[in-house]
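Secondary and tertiary structure notes
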Amino acid sequence: MHRYFEVNGGGHNIRCKLYYNDLKKIRRCVLFCHGFGGHKDNSAAEKFAQRLLTKHPSCALVTFNWPGHGDDVKKKLHLADCDQYLSLVADFVGEKYAPEGLYCYATSFGGYLTLKYIASHGSPFRRIALRCPAVNMYEVFTAAIIGPEEQALLEKGKDVAAGFDRKVLISRDFLEDIKRSDIRKLDFLDWAEDILILQGTADEVVPFESVRQFADDQLMEFVPVEGADHRFRHPGTMEAAIKAILEFFDL
């Protein structure tokens, strides 16, 4: 089953989705953080929730919209808002649905934001699984998400709609912010043993070698998934990722 709810605080209205079996029996929860251009009705989150709830009836999964994504009310994307969204949702979900432990499963841009968050605030999660995290976020944006025309408009101070299936409005300030916020320069060794990274060898958005090097530098467990593209659409790759994440969480 699923239900929608909202988390409010600091002037923010965050739209969330909860997957569950029995509300009265939830003891642990996975917070799913989608990628750039995604939304709370993410198909990967739903597929993971189905497997999670079948194997662990007392667990739940919560996903939410990043600012400016899906049906979020904000018009533009700002890193500071992303940080506050994650803080508010993690605090709310941890208190309400995860008395025995909160976990995180984040993909791509969501992985970048999760790492950036724990470097600044510490980790509220027992364990974190990152699938194709955009550790080189600025390069991913300029090489795979926005083209030369969009970059030229941003340089002139104009906002542009960027993304894949769904577009998100970004500004020059946002692009400069992610350039300054290079998580590869940060130290995650305090949390390394509780972080798993899965990366597709055929990822067309986030280069395989960039993620492998980051995992090596930070002493994080790294699992290459042969033939997987950025969205893990190749047959069998998403199932392999789900299996590995559930084993790592050891729920």
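Right above here is the structure, for reference.
A few points on the structure. (Residues numbered from 1 in each chain as written. Predicted model: local features only at pLDDT ≥ 70, side-chain atom pairs only at ≥ 80, totals over all residues. Heavy atoms only, no water.)

Description of helix α4 (residues 137–145)
M137, V140, F141 and I145 are the residues of α4 that are buried. Each buried residue of α4 sits inside an arc of 100° when the element is viewed along its axis, so together they form one side. The elements touched by buried residues of α4 are α3 (109–121), β7 (160–163), β8 (167–170) and α6 (172–180). (Buried < 20%, exposed > 50% of the residue type's maximum accessible area, 1.4 Å probe, protein only. Helix = DSSP H or I, 4+ residues; strand = E, 2+ residues; numbered from the N terminus. Arc of directions from axis to C-beta. Contact = heavy atoms within 4.5 Å.)

Considering the packing of α4 against α6
At a closest axis distance of 7 Å, the pairing of α4 and α6 adopts a crossing angle of 135°. Viewed along their axes, α4 and α6 adopt a mutual orientation that is oblique. On α6, the residues touching M137, Y138, F141 and T142 of α4 are F174, L175, I178 and K179. Within the contact of α4 with α6, the residues separate by chemical class into six nonpolar, one polar and one charged. (Axes fitted to C-alpha atoms, helices over the stretch in contact; angles between N-to-C directions. Parallel < 35°, antiparallel > 145°, perpendicular 65-115°, else oblique. Nonpolar A, V, L, I, M, F, W, Y, C, P; charged D, E, K, R; others polar.)

A closer look at the packing of helix α2 (residues 79–97) against α3
When two helices pack together, their arrangement is given by the angle between the helix axes and by the axis-to-axis distance. The contact between α2 and α3 brings their axes to 10 Å, and the two run at 75°. It follows that α2 is roughly perpendicular to α3 by the angle criterion. Residues L79, C82, D83, L86 and S87 of α2 form the contact with α3, whose own contacting residues are F109, Y112, L113, T114, K116, Y117 and H121. Residue composition of the contact of α2 with α3, by class: seven nonpolar, three polar and two charged.

A word on the sheet that holds strand β6 (residues 128–131)
Sheet strands pair by backbone hydrogen bonding; their relative direction is either parallel or antiparallel. Taken together, eight strands build an open sheet; the order of strands is β1-β2-β4-β3-β5-β6-β9-β10 and the sheet is mixed. The outermost strands of the open sheet, each flanked by one partner alone, are β1 (2–9) and β10 (221–225). The sheet shows a mean angle of 20° between the axes of neighbouring strands, taken without regard to direction. Two strands pair when backbone bridges link them, and strand β9 (residues 195–200) and β10 are joined in this way by five bridges, in the parallel orientation. Bridging from a neighbouring strand, I197 pairs with F222 of β10. With respect to the sheet, helix α1 (residues 43–55) is in contact with β2 (12–19), β3 (28–33), β4 (59–64), β5 (102–107) and β6, its orientation differing from that of β4 by roughly 170°. (Pairing = 2+ DSSP bridges.)

Remarks on the environment of L18
Structurally, L18 can be placed in strand β2. The exposure class assigned to L18 is buried, which follows from its relative accessible area of 0%. A sequence separation of 177 residues divides L18 from I195, and the C-alpha atoms of the two residues are 23 Å apart. Excluding its chain neighbours within four sequence positions, the residues that come into contact with L18 are M1, H2, R3, F5, L23, A60, L61, V62 and Y97.

Some thoughts on the nonpolar core
Counting residues in each nonpolar core, the largest one holds 64 residues, and the members touching the most others are L31, F64, L115 and I170. At eight residues, the largest contribution of residues to this core is made by α2. Ignoring sequence-local partners within four residues, the contact set of F64 consists of I14, R15, C16, L31, F32, C33, H34, K40, Y85, L86 and V89. Grouped together as the second largest cluster of nonpolar side chains are 27 residues, A45, L196, L198 and F232 included. (Core = buried A, V, L, I, M, F, W, Y, C linked by side-chain atoms within 4.5 Å.)

What about the pattern of salt bridges?
Within this structure, the stated rule accounts for 16 salt bridges. Between D182 and R184 there is a salt bridge, with its nearest N and O atoms 3.0 Å apart. The salt bridge partner of D229 is R233, with a shortest N-O separation of 3.0 Å. Using a relative accessible area of 54% as the deciding quantity, one classes R233 as exposed. By sharing partners, the salt bridges in this structure join E6, R15, K40 and D71 into a single network. (Salt bridge = Lys/Arg side-chain N within 4 Å of Asp/Glu carboxyl O.)

Observations regarding the packing of aromatic side chains
A full pass over the atoms with the stated rule returns 17 aromatic pairs. Ring geometry for F32 versus Y105: centroids 4.9 Å apart, planes at 85°, classification edge-to-face. With F32 in strand β3 and Y105 in strand β5, this pair connects stretches of sequence that are 73 residues apart. The burial state of F32 is the same as that of Y105; both residues are buried. Aromatic side chains F48 and F249 sit 6.5 Å apart centroid to centroid with 85° between the ring planes, which places their arrangement in the edge-to-face category. Residue F48 is located in helix α1, and its partner F249 is located in helix α8 (residues 237–249); the two are separated by 201 residues in the primary sequence. The burial state of F48 is the same as that of F249; both residues are buried. Among the aromatic residues, those joined into a ring-pair cluster are F32, F48, Y103, Y105, F248 and F249. Above the plane of the ring of F248 lies R127, whose end atom (NZ or CZ) is 4.5 Å from the centre. Across from the ring centre of F232, 5.1 Å away, lies the NZ or CZ of R131, which sits over that ring. (Phe/Tyr/Trp six-rings, centres within 6.5 Å; stacked < 30°, edge-to-face > 60°. Lys NZ or Arg CZ within 6 Å of the ring centre and 35° of its normal.)

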